[in-house]
Amino acid sequence: MEVSPTLWVLTIAGLAALIAIDFFIGRKPHDVSIKEAGVWTIVWIALAGLFGLGLLVFGGGRPAGEFFAGFITEKSLSVDNLFVFVLIMAKFAVPSQYQQRVLLVGVLIALVLRAVFIAAGAAILSSFSWVFYLFGAFLIWTAWKLIQEARAEKEEEEYEENKLLKAAERRFGVADRYHGTKLWIRQNGKRVMTPMLVVMLAIGSSDVLFALDSIPAIFGLTQDPYIVFTANAFALMGLRQLYFLIGGLLKRLVHLSYGLSIILGFIGVKLVLHALHESGVHVPEISIPVSLGVICTVLVITTITSLMASRKQEAIERARQDSVEA
């Protein structure tokens, strides 16, 4: 799909305008209700759907299919981010009324970092087609690792600060408490970061690790940088509302890791087949409609089985508690 510089500028300006509207509507610190989170989640999904339909009208079926497949994949992978966000919020004891501001800025940092990854990935792939083999192998390995982690018995997880965050804290210092939404204050004559800034940096920088999985995954569905960027943008921009909407349901998605591992493994195989095809080897390639169908089917099945397994476990725990009380 040919994308002119003008279209790039208009797209980025449009996304910036949407982010600004979102920011000003929710600029006052407050507790986000389920209703508010639900409405805005629907709004962001509807905007993504309208964008995809626009691609269908002006670009054709292939770009639209690639966008929807990429958006759904990135959205499903971003749900995994929410588990880490919950840990970060708990680690830094973020007051509930400030959490929506933290997530907004953290997601913006993540979006900028992903744009850098996408630009680098597009440049590398356009010059070295053999990188498809590396991306494919990496996704298959990541899928296997996810399955191993899902099968392992896990203790209660706790967020551990990365080296970059620790270095920033040592360099600038951190205030001992939150000061509203302020990011910097003066303490004992020295300018120091507030915990608000620290947690924003933690949210944004933690997404770098997730980008290592998600960026190769979407390049397995499309090599168009415009579609890769917009699919990531729409998936990330609705992440804040999704956090408040399904935050209480995250622990019930017990089979999510299995579903994500199947999706990543599938896209990894797709990438390897594409690399072989580019090398002149006659192998079948997986089409976008098939990819979209597999991704949607896996997500629906894993969601249903997760809720069934959670309900069964809750029933067992209730029966055990009733027998103890009796």
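A brief structural summary.

About the criteria used
- Residues numbered from 1 in each chain as written.
- Predicted model: local features only at pLDDT ≥ 70, side-chain atom pairs only at ≥ 80, totals over all residues.
- Heavy atoms only, no water.
- Helix = DSSP H or I, 4+ residues; strand = E, 2+ residues; numbered from the N terminus.
- Expected span 1.5 Å × (residues − 1).
- Axes fitted to C-alpha atoms, helices over the stretch in contact; angles between N-to-C directions.
- Parallel < 35°, antiparallel > 145°, perpendicular 65-115°, else oblique.
- Contact = heavy atoms within 4.5 Å.
- Salt bridge = Lys/Arg side-chain N within 4 Å of Asp/Glu carboxyl O.
- Buried < 20%, exposed > 50% of the residue type's maximum accessible area, 1.4 Å probe, protein only.
- Patch = residues over 30% accessible without salt bridge, like charges linked within 9 Å, V, L, I, M, F, W, Y side chains within 5 Å.
- Areas by Shrake-Rupley, 256 points an atom, 1.4 Å probe, with all protein chains shown as cover.
- 1 Å grid on protein atoms, 1.4 Å probe; cavity = no way out; pocket = protein on both sides within 12 Å on 5 of 7 lines; lining within 4 Å.
- Points joined across faces, edges and corners; volume = space filled by probe spheres on them.
- Nonpolar A, V, L, I, M, F, W, Y, C, P; charged D, E, K, R; others polar.
- Core = buried A, V, L, I, M, F, W, Y, C linked by side-chain atoms within 4.5 Å.

A short note on helix α3 (residues 61-91)
Here α3 is 31 residues long and its end C-alpha atoms lie 45 Å apart, about the 45 Å a rise of 1.5 Å per residue gives. Immediately beyond the C-terminal end of α3, within one or two residues, lies A93, with a positive phi of roughly 50 degrees.

Topic: the packing of helix α1 (residues 5-25) against helix α8 (residues 225-237)
Across the interface, α1 lies against α8 with an axial gap of 12 Å and an inter-helix angle of 5 degrees. Regarding the angle of α1 to α8, the classification is roughly parallel. Facing α1, whose interface residues are L7, W8, T11, I12, L15 and I19, α8 presents P225, Y226, F229, T230, A233, F234 and M237.

As for the pattern of salt bridges
When their charged atoms lie close together, side chains carrying opposite charge are able to pair. In total, this model carries 2 salt bridges according to the counting rule given. Residues E66 and R62 are paired through a salt bridge, measuring 3.2 Å at the closest nitrogen-oxygen approach. A residue pair is termed a helical-turn pair when its members lie 3 or 4 positions apart in one helix, as E66 and R62 do in helix α3 at 4 residues. Between R114 and E74 there is a salt bridge, with its nearest N and O atoms 3.1 Å apart. With R114 in helix α4 (residues 99-127) and E74 in helix α3, this residue pair connects regions lying 40 residues apart in the sequence. Judged by its relative accessible area of 4%, R114 is buried.

Focus: a nonpolar patch on the surface
A cluster of nonpolar residues, L50, L53, L56, V57 and F58, forms a patch on the protein surface that exposes about 590 Å² of accessible area. Along the chain, V57 turns up in helix α2 (residues 34-59).

Comments concerning the layout of surface pockets
Approximately 450 Å³ is the volume attributed to the second largest pocket. The wall of the second largest pocket is formed by 17 residues, among which S76, V79, I246, L253 and T303 lie closest to the centre. Broken down by secondary-structure element, the contributors of at least two residues to the lining of the second largest pocket are α2, α3, α9 (239-246) and α11 (288-325). Of the residues assigned to the lining of the second largest pocket, the class counts are 11 nonpolar, 5 polar and 1 charged.

What about the nonpolar core?
If you look at the biggest cluster of nonpolar residues, it comprises 81 residues, and the most contacted ones within it are F67, F92, V94, V102, F219 and F234. Element by element, the count of residues in this core is highest for helix α7 (residues 195-219), at 12 residues. If sequence neighbours within four positions are ignored, F219 has contacts with I118, G121, A122, L125, F132, F135, V228 and L271.

Observations concerning empty space enclosed by the protein
According to the stated counting rule, one finds 2 cavities of 30 Å³ or more in the structure shown. Size it by volume and the largest cavity reaches roughly 80 Å³. Lining the largest cavity are I19, D22, W44, L104, V107, L108, L111, L236, M237 and R240. Elements represented by at least two residues in the lining of the largest cavity include exactly α1, α4 and α8. Broken down by element, the residue count for the lining of the largest cavity peaks at 4 residues, all from α4. Taken together, the residues of the lining of the largest cavity break down into 8 nonpolar, no polar and 2 charged.

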